[in-house]
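# A look at the structure
Chain by chain, the residues run as shown.
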Amino acid sequence: MAKGVWIVAEQRDGAFRKISFELASTARKLADVLGEEVCAVLCGSGIEGIAGQLGKYGVDRVFVADSPALEPYTTDAHAAAVAKVVKENDPAILLLGASTQGKDLSARLVGKLVTGLATDCTDVKIADGKLLAIRPMYAGKCFGEVVFSTFPQMASLRPNVFPAVENAKAGAVVKFDPALDAGQLKTKVLEVQKDTSGKADLTEANMIVSGGRGMKGPEGYAILEELAAVLGATVGASRAAVDAGWRPQSDQVGQTGKIVSPNLYIACGVSGAIQHLAGMSSSKIIVAINKDAEAPIFTKADYGIVDDLFKIIPEFTQECKKLLA
Amino acid sequence: MNIVACVKQVPDTEAQIKVKPDGSGIEEGGIKWVMNPYDEFGVEEALRLKEKNGGEVTIVNVGPARAMETIRTALAMGADKGIHICDPAFDGADAFATASALAAAIKGIPHDIIFCGQRAIDDDSGQVGAILAELLGIPQITVVTKFEFAGSSVKVIRPIEGAQLLIECPLPCLVTAQKGLNEPRYASLPGIMKAKKKPVDVKDAASLGVTVTANARVAKFIPPPARAAGKIICGDDPATKARELARLLREEAKVI
Ligand SMILES: Cc1cc2nc3c(=O)[nH]c(=O)nc-3n(C[C@@H](O)[C@H](O)[C@H](O)COP(=O)(O)OP(=O)(O)OC[C@H]3O[C@@H](n4cnc5c(N)ncnc54)[C@H](O)[C@@H]3O)c2cc1C
Ligand SMILES: Cc1cc2nc3c(=O)[nH]c(=O)nc-3n(C[C@H](O)[C@H](O)[C@H](O)COP(=O)(O)OP(=O)(O)OC[C@H]3O[C@@H](n4cnc5c(N)ncnc54)[C@H](O)[C@@H]3O)c2cc1C
């Protein structure tokens with residue numbers, strides 16, 4: 001009988017990604033309802049030393065595969081390692097992050113484990129002893145409640161939505177041999193080109209300051225960059241701004257861009273087209289600054305200012321500076 | 001070179017999505033159906049690859065009868081032939097079942113490179129490509145913004161949080177397309193005329209030997225939580241409004 005709530009922890013360069021703790025805390029909550037154990041799988045090279053940190057967030061045991069072939073992440077190596085240890089232990093639930101790595105890995109695991117996966121969930125709970133996963137569909141235009149008929153019941157969790165709560169457990173390290181077959185490792189990471197801005201990615205950002213066509217041009221973003229620097233926020237954009245070449249593709253928020261859920265989303269000169277709203281409606285607090293009182297963005301905004309953004313933003317930046325000083 | 005592009009038919013991004021009163025699905029009336037935007041990038045990349053290196057592009061779809069229109073769109077863009085897996089048994093199929101059907105069809109034809117979209121904009125699950133690659137026993141590279149064919153391997157760019165990866169992978173392989181990969185072409189009028197005569201093979205679950213599973217099933221569709229009406233911040237001048245906004249974010253919303 002499948003038993004236990006498992007997570008696949010994510011680390012990069014020997015440090016845990018925040019999603020790992022969000023996964024651990026969520027797994028703990030589910031496991032406490034079931035009265036079962038929380039286990040984590042951790043793959044990488046030279047990472048055995050950090051494994052115990054997961055105990056702090058409620059993990060009982062950490063299954064560690066430590067091999068140079070597991071660094072950097074490739075689907076081939078990680079999917080083989082995780083599938084092996086999961087098959088050997090038969091967990092009831094398997095949670096991953098809906099990060100770029102987690103999305104890539106979780107889907108491959110569905111194929112290897114012949115099971116079902118609910119992607120990018122915003123809530124998970126136990127109903128009748130089984131996993132019930134809630135996920136946005138149609139980019140958040142509706143939600144689906146997903147149930148499972150196979151094990152492990154898999155869900156990937158949207159970053160930044162589930163709280164990481166300290167709840168110390170043993171975090172005992174169990175080493176396992178991933179038994180990687182070199183012939184099966186086909187993909188090679190030739191180069192990692194790091195973004196040196198030091199800004200959080202939009203999908204992981206706590207705060208986003210987003211600009212649309214109302215920014216008038218690439219220079220307009222200077223005031224948003226300044227505000228973002230004060231708040232520690234990441235700058236995003238509408239597709240109109242990206243298509244105009246004012247901002248890089250990676251900044252686009254929306255149904256065909258990034259789906260984001262920060263604590264604070266400030267939309268400046270964004271009209272609020274349905275495709276844009278789809279990508280940011282699950283933000284906790286939404287602020288809209290737009291000179292058109294009829295702009296649809298105001299239907300989603302918790303706070304709105306109807307005015308010229310070029311007058312409001314510099315003032316607002318000064319106010320934030322004072323508050324945060 | 002034998003290139004395959006998987007295309008799904010989805011509601012247009014403008015579509016307002018209404019959940020049926022009993023939560024069993026969404027209201028399909030009035031929806032305009034289009035090719036999944038990410039699949040357009042996949043088809044475009046497939047066509048460019050063929051134009052440069054020769055070969056053939058096959059379009060594969062699992063979908064109801066109306067999805068034939070999307071296959072024809074891809075053929076009108078320049079693809080050579082299609083496979084339409086059309087069977088009511090696939091209503092309510094999950095990603096695994098969809099991928100199994102695609103795998104069964106693709107196993108029967110030569111394939112060096114397979115393109116999928118990085119996700120379908122309706123179900124948003126972003127699983128089918130990777131499951132398909134696993135079922136075919138070939139490597140995958142997902143969410144790709146740059147693609148280069150280098151003889152017996154491909155080199156691609158995959159953006160991740162805070163970095164871009166340059167990844168190399170031998171053929172055969174499966175790549176999922178992200179926006180930025182290319183600018184998809186429009187079908188030309190002669191293209192549309194030609195597409196009508198291009199062969200599309202229609203298959204059902206039985207002829208492919210796949211059983212339809214629903215390992216993960218959407219038991220209920222629910223409308224998104226309504227957001228409470230917001231506050232419009234008034235004031236005599238921008239400075240007053242800005243100050244009030246900062247105060248509310250700090251004291252009421254407690255986010256800064
Ligand atoms: C009314 C309704 C009921 C449903 N019920 C369930 C259910 O009970 N359980 C469940 O898990 N899912 C259900 N689904 C969704 C399911 O049928 C999905 O089509 C399937 O899970 C694929 O996932 P996706 O569309 O998110 O594709 P993704 O994995 O997001 O698609 C990625 C890429 O894979 C390719 N691809 C995906 N689908 C197809 C296709 N059909 N033909 C060709 N290529 C394709 C495309 O290249 C696409 O860009 C339901 C859908 C509807 C509309
Ligand atoms: C298939 C498809 C997919 C799409 N996907 C996305 C997506 O993922 N993300 C996305 O964002 N869009 C997407 N779109 C585009 C979308 O439909 C809109 O065109 C786009 O979001 C509009 O961007 P915008 O709000 O910046 O521009 P506009 O709609 O032009 O709005 C500009 C706003 O700025 C305001 N403004 C102007 N000057 C000022 C000023 N000085 N002060 C204050 N306010 C000012 C105006 O009142 C206006 O409301 C998609 C479209 C399609 C067809």
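For the structure given in this document, a descriptive report is provided here. In this numbering scheme, every chain counts its residues from 1 along its sequence in written order. Each chain is given a letter, starting from A, and each ligand a number, starting from 1, according to the order in which they appear as written. pLDDT decides what is reported in this predicted model: residues at 70 or higher carry local features, side-chain atom pairs at 80 or more are listed and counted, and totals for whole chains, interfaces and linings draw on all residues regardless. Calculation of side-chain values draws on the structure's entire complement of heavy atoms; hydrogens and water are dropped beforehand.

### Structural notes on the site of ligand 2
The immediate surroundings of ligand 2 are formed by 27 residues, with Arg 213, Ser 238, Thr 256, Ser 271 and Gln 275 of chain A found nearest. We call a residue near a molecule or strand whenever a single non-hydrogen atom of that residue lies within 4 Å of it. Per-site note: the chains with residues close to ligand 2 are chains A and B. For this analysis, a polar contact is any N or O atom pair within 3.5 Å, provided that within protein one partner can donate a hydrogen and the other can accept it, and provided that sequence-adjacent residues contribute only side-chain to side-chain pairs. Within the contact set of ligand 2, a nitrogen atom lies 2.8 Å away from a side-chain nitrogen or oxygen of Lys 216 of chain A. Within the side chain of Ser 238 of chain A, one N or O atom sits 2.6 Å away from an oxygen atom of ligand 2. Method for areas: the Shrake-Rupley scheme with a 1.4 Å probe, in which residue coverage is limited to the protein chains shown. Notes on ligand 2: free accessible area 990 Å², of which the protein chains cover 80%. Elements that contribute at least two residues to the shell around ligand 2 include exactly α5 (239–243), α6 (274–280) and α7 (309–324) of chain A. Ten residue types, Ala, Val, Leu, Ile, Met, Phe, Trp, Tyr, Cys and Pro, are classed as nonpolar, four, Asp, Glu, Lys and Arg, as charged, and the remainder, Gly among them, as polar. Looking at the shell around ligand 2 residue by residue, the classes come out as six nonpolar, 14 polar and seven charged. To qualify as a helix, a DSSP run of H or I must reach at least 4 residues; to qualify as a strand, a run of E must reach at least 2; elements of each kind are numbered from the N terminus.

### Some thoughts on the site of ligand 1
All names here are of chain B. Around ligand 1 there are 28 residues in total, and Lys 8, Asp 39, Ala 93, Gly 126 and Gln 127 lie nearest to it. Within the contact set of ligand 1, an oxygen atom lies 2.4 Å away from a side-chain nitrogen or oxygen of Asp 39. At 2.8 Å, a backbone N or O of Val 128 approaches an oxygen atom of ligand 1. Within the residue set of the shell around ligand 1, elements represented by two or more residues are β4 (56–62), α3 (95–107), β6 (113–117) and β13 (216–222). Residue classes in the shell around ligand 1 are distributed as twelve nonpolar, eight polar and eight charged.

### Overview of α7 of chain A
Because each turn of an α-helix spans 3.6 residues, side chains separated by three or four positions end up pointing in the same direction. Working rule for helices: expected span equals 1.5 Å times residues minus one. End to end, α7 of chain A covers 21 Å across 16 residues, agreeing with the expected 22 Å (1.5 Å per residue, within 8%). Partly exposed describes any residue whose relative accessible area lies between the buried limit of under 20% and the exposed limit of over 50%, with all areas from a 1.4 Å probe on protein chains only and scaled to the type maximum. Listed in full, the buried residues belonging to α7 of chain A are Leu 309, Ile 312, Ile 313, Phe 316, Thr 317, Glu 319 and Cys 320 of chain A. Taken around the axis of α7 of chain A, the buried residues stretch over an arc of 170°, which confines them to a single face. What makes two residues a contact is simply this: any of their non-hydrogen atoms within 4.5 Å. If you follow the buried residues of α7 of chain A, they end up packed against α4 (221–231), β16 (264–268), β17 (285–290) and β18 (303–306) of chain A together with α7 (238–251) of chain B. Measuring from the backbone nitrogen of Phe 310 of chain A back to the side-chain oxygen at the start of α7 of chain A gives 2.9 Å, which picks out Asp 308 of chain A as the cap. Note that the arc is defined by the directions from the helix axis to the C-beta atoms.

### Digging into the packing of aromatic side chains
Ring pairs are drawn from Phe, Tyr and Trp, using the six-membered ring of Trp, whenever the two centres fall within 6.5 Å, and their geometry is named by plane angle: stacked under 30 degrees, edge-to-face over 60, tilted for the rest. The final tally for this structure, using the stated rule, is five aromatic pairs over all chains. Summarising the aromatic geometry, the rings of Trp 6 of chain A and Phe 63 of chain A are spaced 4.8 Å apart at their centres and angled 25° between planes, so their arrangement reads as stacked. In this pair, Trp 6 of chain A sits in strand β1 (residues 5–8) while Phe 63 of chain A sits in strand β5 (residues 61–66), placing the two residues 57 residues apart along the sequence. For the pair Trp 6 of chain A and Phe 63 of chain A, one class covers both residues: buried. Feature note: the residues Phe 16, Phe 21 and Tyr 57 of chain A constitute an aromatic cluster, connected by ring pairs. We call a charge positioned above a ring when the Lys NZ or Arg CZ atom is no farther than 6 Å from the ring centre and deviates by at most 35 degrees from the ring normal. The side chain of Arg 66 of chain B reaches across the aromatic face of Trp 33 of chain B, ending 3.5 Å from its centre.

### A few points about the nonpolar core
In globular proteins that are soluble, nonpolar side chains generally tend to be buried together. Ranked by size, the top nonpolar core spans 52 residues in total, and within it Leu 94 and Leu 109 of chain A together with Ile 85, Ile 106, Ile 114 and Leu 132 of chain B carry the most contacts. Here the element with the most residues in this core is α3 of chain B; it accounts for eight residues. Setting aside its immediate chain neighbours within four residues, Ile 106 of chain B contacts Val 4, Cys 6, Val 60, His 111, Ile 114, Leu 132 and Leu 136 of chain B. Residues belong to one nonpolar core when they are buried, are Ala, Val, Leu, Ile, Met, Phe, Trp, Tyr or Cys, and are joined through side-chain atoms within 4.5 Å.

### With respect to the sheet that holds β16 of chain A
Note on pairing: two strands pair once DSSP finds at least 2 bridges between them. The strand order across the open sheet formed by six strands is β15(A)-β14(A)-β16(A)-β17(A)-β18(A)-β14(B), and the pairing between neighbours is parallel. Two strands lie at the open edges of the sheet, namely β15 (234–237) of chain A together with β14 (231–232) of chain B, each paired on one side alone. Pairing of β18 of chain A with β14 of chain B involves two bridges; the strand directions are parallel. Note that in β14 of chain B the partner of Tyr 303 of chain A across the bridge is Lys 231 of chain B. Docked against the sheet, α4 of chain A engages β14 (207–211), β15 and β16 of chain A, running at close to 175° with respect to β14 of chain A. Sitting on the sheet, α7 of chain B is in contact with β16, β17 and β18 of chain A together with β14 of chain B, with an inclination near 175° to β18 of chain A. To obtain an axis, a line is fitted to C-alpha atoms, over the contacting stretch when the element is a helix, and the angle between two such axes runs from 0 to 180 degrees between their N-to-C directions.

### Considering the interface of chain B and chain A
With 75 residues of chain B at the interface, the matching set in chain A holds 85 residues. Put simply, buried area is how much 1.4 Å-probe accessible surface two parts lose in total, over both of them, once they are put together. Taken together, both faces of the contact between chain B and chain A bury some 7,100 Å²; the carbon and sulfur share is 57%. On the chain B side of the interface with chain A, the three residues burying the most area are Glu 161, Lys 179 and Arg 227 of chain B, jointly 12% of the side's total. One side-chain nitrogen of Lys or Arg within 4 Å of one carboxyl oxygen of Asp or Glu is enough to make a salt bridge. Applying the counting rule to chain B against chain A returns seven salt bridges. With a shortest N-O distance of 3.1 Å, Asp 307 of chain A and Lys 241 of chain B are connected by a salt bridge. Applying the counting criterion to the chain B and chain A interface returns 50 residue pairs in polar contact (both at pLDDT 80 or more). Put simply, the parts of the chain that give the side of chain B that touches chain A at least two residues each are α1 (37–53), α4 (128–136), β7 (140–144), β9 (153–160), β10 (163–170), β13, β14 and α7 of chain B.

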